[in-house]
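# Analysis of the macromolecular model
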Amino acid sequence: MATETQTASGYIQHHLQNLTFGRLCEPAGECQWRFAHDAAEAKAMGFWAVHVDTLFWSVALGLLFLWLFRRAARNADAGIPSGWQNFVEWVVEFVDNSVKGSFTGRNPLIAPLALTIFVWILLMNTMDLVPVDWLPQLAALVGEHGLGMDPHHVYFKVVPTTDPNATFGMALAVFVLIIYYSIKIKGLGGFFGELAFQPFGKWGLPANLLLEGISLISKPVSLALRLFGNLYAGEMIFILIALLYSGGLFWGTFGGLLQLGWAIFHILIVVLQAFIFMTLTIVYLEMAHQEHH
Amino acid sequence: MNINLTLFGQTIAFIVFVWFCMKYVWPPIMNALNERKQKIADGLAAAERGVHEQELAQKRAAEQLAEAKQQAQEIIAQAQKRANEIVDEAKENARAEGERILNAARAEIDQAVNQAREQLRDEVVQLAVAGASRVLKREIDAKANADLLEDLVAQL
C-alpha cells in the first residue's frame, strides 16, 4: 500500500523494480556484491546482476509444477484415475492434442516441452492474480526484520513473466531449439538455403537474407514480447487499481470492485498467453522441421 | 527492467524443467494414458464379442428348442400310435379269449347234455325193463332178452 511518504509514481516505480543482486562499483572505484537500493543502482550493475525475485518465483513455480505432475506421473496407471491424477491427465491430453494438431513430425521433445511451457507460464502468470501488495509487503517485512534491510529497498516483483528477462530467457531456449532442429533436419546448407534463396531465388540473395533473417529473429522476439507485454500491462493495471486504496472508503471500494473485475478478465489473459506461447513454440518448431523445397 | 544475467538463469531453469518433464513426467503419464486406451479398446472389443456370442447362443437355444419341440411331437405321435396299437391288440386278445371261453363253455354244455342224455337213456331202459317186468308179471330173463333190450337202447 502506498504510504504517505510515497508518491503515486514512487509506488508504481517501486512495484515495477526487481530485487536486483549484483556487483556495484562506487564512483571511487570500490566494488561490492549487494542488493540494489534503487533503480539507478540496479541499472549501474549492468549485465552481471540477477533479478532474485524473478528467478525465485519462476524456479519455485517450476518446481511446484514438476512436483505436482511428477506425483501424478508416479501414480499413473491404466486404472481409474481420480482427483489430481485426473486433472493432470486432462492437461496432458490437452497439450498432447495441441501438439498433435500442429506438429506433424516425430520428436519426443516437443510434447513435454509444450507441457512445461504451458503449465509453467500459466503458474507464473497466475501470480498476477495475487493482490499486488501482499507478497511485496511480506518480503519487505522479512527483509526489514529478518535480513536487516531498509524496507524501502526491498523490491519484490512476484510475476516472473512481467520481467522481460524471464520471457526472453524462455524464448531464447526456444530460439536455440528452432535453429538446432532446422540444422539437424535440413542440414547446415538446407537451413542457410532457406534463409538465402527464398522467396526471391538466388539473385535476390541479400533481400532474401534480410527478410528471412528478420522473420527468424522475430520469432523469439515476438514470443517474448507478447507474453511480457500482456502480463506487464495487466500488472500495471493492478498497480494502478491498487493506488485507489489510498483514496478513502469510496475509492477503496471502487478499487476493490475494479480489481475483482480486472482479475476475472485477467484469468482469460493468464491462460490465453500461456496457451499462445505454447502453440507458437510448437508451430515454430514444426516450421523448423519442415523442408520448404 | 534491465536485461541481465536473469535471462540466462531463466533459460537454464527452463532447460532443466523441460528435461525433467521429458524424462520423468511425460512418459509415465503418456504410458498410462495409452495403456488405459488399450484397456478400454480391449474391453469394448470383449463386450462386442460377448454380445455377438450371446446372439449366437440365443440362436442356438432357439434352434434347440425348436428341435426339442419337434422331437416331443414325434414322441407323442409315436406314443399315440403305440397306444392305439396296444388297445387294438388288447381288443383282439379279449375277443379271442372270449371266444375261447365261449367254446369251452359250449363244449362243456354239449358234454353235459350228452351225459344227461346217456343217463336218461339208462333210466329209460331201466324203467322200460321195470315196466315190462311188471306187465309180464314174471321174471324175464334178462339174459334172454338182452338182445332185445340192446336194440331198444340203440333206438333211443
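Residues numbered from 1 in each chain as written. Chains lettered and ligands numbered in written order. Predicted model: local features only at pLDDT ≥ 70, side-chain atom pairs only at ≥ 80, totals over all residues. Heavy atoms only, no water.

Turning our attention to the overall build of chain A. Along its length, chain A carries nine helices and three strands. Principal-axis analysis of the C-alpha atoms places the extent of chain A at approximately 65 × 60 × 35 Å. Taking all 293 residues of chain A together, the buried fraction comes to 47%. Contacts in chain A between residues far apart in sequence, at least 24 positions, make up 68% of those at least 6 positions apart. (Helix = DSSP H or I, 4+ residues; strand = E, 2+ residues; numbered from the N terminus. Buried < 20%, exposed > 50% of the residue type's maximum accessible area, 1.4 Å probe, protein only. Contact = heavy atoms within 4.5 Å.)

When you go through chain B residue by residue, the secondary structure sums to two helices and zero strands. Here the C-alpha radius of gyration of chain B, 61 Å, is well above what a compact globule of 156 residues would show, namely 15 Å. When its C-alpha atoms are laid out on the principal axes, chain B stretches across 195 × 20 × 20 Å. Residue burial in chain B is summarised as follows: out of 156 residues, 12% are buried. For chain B, the computed accessible surface area is about 12500 Å², with 58% contributed by carbon and sulfur atoms. The distance from the centre of the 20 positive side-chain charges to the centre of the 24 negative ones in chain B is 11 Å. (Rg over C-alpha atoms; globule rule 2.2 N^0.38 Å. Areas by Shrake-Rupley, 256 points an atom, 1.4 Å probe, with all protein chains shown as cover. Lys, Arg positive; Asp, Glu negative; His and termini not counted. Charge placed at Lys NZ, Arg CZ, Asp CG, Glu CD.)

Residues and elements named next belong to chain A. With respect to the helices, strands and loops of the structure, Leu-209 is situated in helix H8 (residues 205–243). Taking the C-alpha atoms as reference, Leu-209 lies 7.9 Å from Phe-197; in sequence the two are 12 residues apart. Excluding its chain neighbours within four sequence positions, the residues that come into contact with Leu-209 are Phe-192, Leu-195, Ala-196 and Ile-214.

Below, the discussion takes up the interface of chain A and chain B. On the side of chain B, 30 residues touch chain A, which itself brings 53 residues to the contact. For the pairing of chain A and chain B, the buried interface totals around 3800 Å² over both sides, and the portion due to carbon and sulfur atoms is 74%. Interface area lost by chain A to chain B is led by A:Phe47, A:Ala78 and A:Asn165, which between them contribute 16%. A salt bridge links B:Arg36 to A:Glu89; the nearest nitrogen and oxygen atoms lie 2.7 Å apart. Inspection of the region where chain A meets chain B yields 14 residue pairs in polar contact (both at pLDDT 80 or more). (Buried area = accessible area lost by both parts, 1.4 Å probe. Salt bridge = Lys/Arg side-chain N within 4 Å of Asp/Glu carboxyl O. Polar contact = N/O pair within 3.5 Å; in protein donor to acceptor, adjacent residues only side chain to side chain.)

With that out of the way, let us pick up the packing of helix H5 (residues 110–126) of chain A against helix H1 (residues 6–136) of chain B. Their axes nearest at 9 Å, the elements H5(A) and H1(B) cross at an angle of 120 degrees. Considering the angle they form, H5(A) stands oblique to H1(B). Regarding H5(A) and H1(B), the two cross each other, and that crossing is right-handed. From H5(A), A:Ala111, A:Pro112, A:Leu113, A:Leu115, A:Thr116, A:Ile117, A:Trp120 and A:Met124 reach across to H1(B), where they touch B:Gln10, B:Ala13, B:Phe14, B:Phe17, B:Val18, B:Cys21, B:Met22, B:Val25 and B:Trp26. (Axes fitted to C-alpha atoms, helices over the stretch in contact; angles between N-to-C directions. Parallel < 35°, antiparallel > 145°, perpendicular 65-115°, else oblique. Left-handed = near helix turned anticlockwise from the far one by under 90°.)

Moving on, we get to the nonpolar core. With 68 residues, the main nonpolar core has A:Phe69, A:Val92, A:Val95, A:Leu115 and B:Phe14 as its most contacted residues. Put simply, the parts of the chain that give this core at least two residues each are helix H3 (52–75), helix H4 (84–102), H5, helix H6 (134–146), helix H7 (164–196), H8 and helix H9 (248–289) of chain A together with H1 of chain B. Per-element tally for this core: the top contributor is H5(A), with 11 residues. Filtering out sequence-adjacent residues up to four positions away, A:Val92 remains in contact with A:Phe69, A:Leu115, B:Trp26, B:Ile29, B:Met30 and B:Leu33. Of all hydrophobic cores here, the second largest spans 14 residues; its members include A:Tyr11, A:Ile12, A:Trp262 and A:Ala263. (Core = buried A, V, L, I, M, F, W, Y, C linked by side-chain atoms within 4.5 Å.)

Residue and element names in this part refer to chain A. Within this structure, the stated rule accounts for 23 aromatic pairs over all chains. Seen from their ring centres, Phe-65 and Phe-69 are 5.0 Å apart, and the 55 degrees between their planes marks the pair as tilted. Placement of both Phe-65 and Phe-69 in helix H3 is noted, with a separation of four residues, approximately one turn of the helix. Comparing Phe-65 with Phe-69, the two get one shared label, buried. Where Phe-250 meets Trp-251, the ring centres are 5.1 Å apart and the plane angle is 75 degrees; that geometry is what we call edge-to-face. Among the residues examined, Trp-251 registers a relative accessible area of 41% and is labelled partly exposed. (Phe/Tyr/Trp six-rings, centres within 6.5 Å; stacked < 30°, edge-to-face > 60°.)

Pairing between side chains becomes possible if they bear opposite charge and their charged atoms approach one another. According to the stated counting rule, one finds nine salt bridges over all chains in the structure shown. Close ionic contact of A:Glu41 with A:Arg34 constitutes a salt bridge, the shortest N to O distance being 2.9 Å. For the pair formed by A:Glu41 and A:Arg34, the shared burial category is buried. Its salt-bridge partner being A:Glu194, residue A:Lys186 comes within 2.8 Å of it at the nearest N-O pair. Salt bridges linked by common partners bring B:Glu92, B:Arg95 and B:Glu99 together as one network.

For the rest of this paragraph, the subject is the state of the cysteines. Residue and element names in this part refer to chain A. For the structure shown, the criterion picks out one disulfide over all chains. The residue that forms a disulfide with Cys-25 is Cys-31, at a sulfur-sulfur distance of 1.9 Å. Handedness here is read from the sign of the S-S torsion; for Cys-25 and Cys-31, about 105 degrees, the answer is right-handed. With a relative accessible area of 40%, Cys-25 lands in the partly exposed category. Accessibility expressed as a relative area gives 31% for Cys-31, which makes it partly exposed. (Disulfide = S-S within 2.5 Å.)

Moving on to the pairing of strand S1 (residues 20–25) of chain A. Residues and elements named next belong to chain A. In the sheet, S1 pairs with strand S3 (residues 49–51) via three bridges, with the strands oriented antiparallel. From the neighbouring strand, Gly-22 faces S3, where its bridge partner is Ala-49. Summarising the sheet, S1 and strand S2 (residues 31–35) pair through five bridges and their orientation is antiparallel. Paired with Arg-23 across the two strands is Trp-33, which belongs to S2. From the end of S1 to the start of S2, which pair antiparallel, there are five residues, and Gly-29 there has a positive phi angle of about 110 degrees. (Pairing = 2+ DSSP bridges.)

Residues and elements named next belong to chain A. Between H4 and H9, whose axes approach to 9 Å, the crossing angle comes to 35 degrees. Regarding H4 and H9, the two cross each other, and that crossing is right-handed. Between H4 and H9, the contacting residues are Phe-94, Val-95, Ser-98, Val-99 and Ser-102 on the first element and Phe-275, Met-278, Ile-282, Val-283 and Glu-286 on the second. Tallied by class, residues from the contact of H4 with H9 come to seven nonpolar, two polar and one charged. (Nonpolar A, V, L, I, M, F, W, Y, C, P; charged D, E, K, R; others polar.)

Here we take up the confidence of the model for chain B. Of the residues in chain B, 95% have a pLDDT of 70 or more, and the chain-wide mean is 90. Listed scores for the predicted complex are pTM 0.76 and ipTM 0.88. (pLDDT = per-residue confidence, 0-100.)

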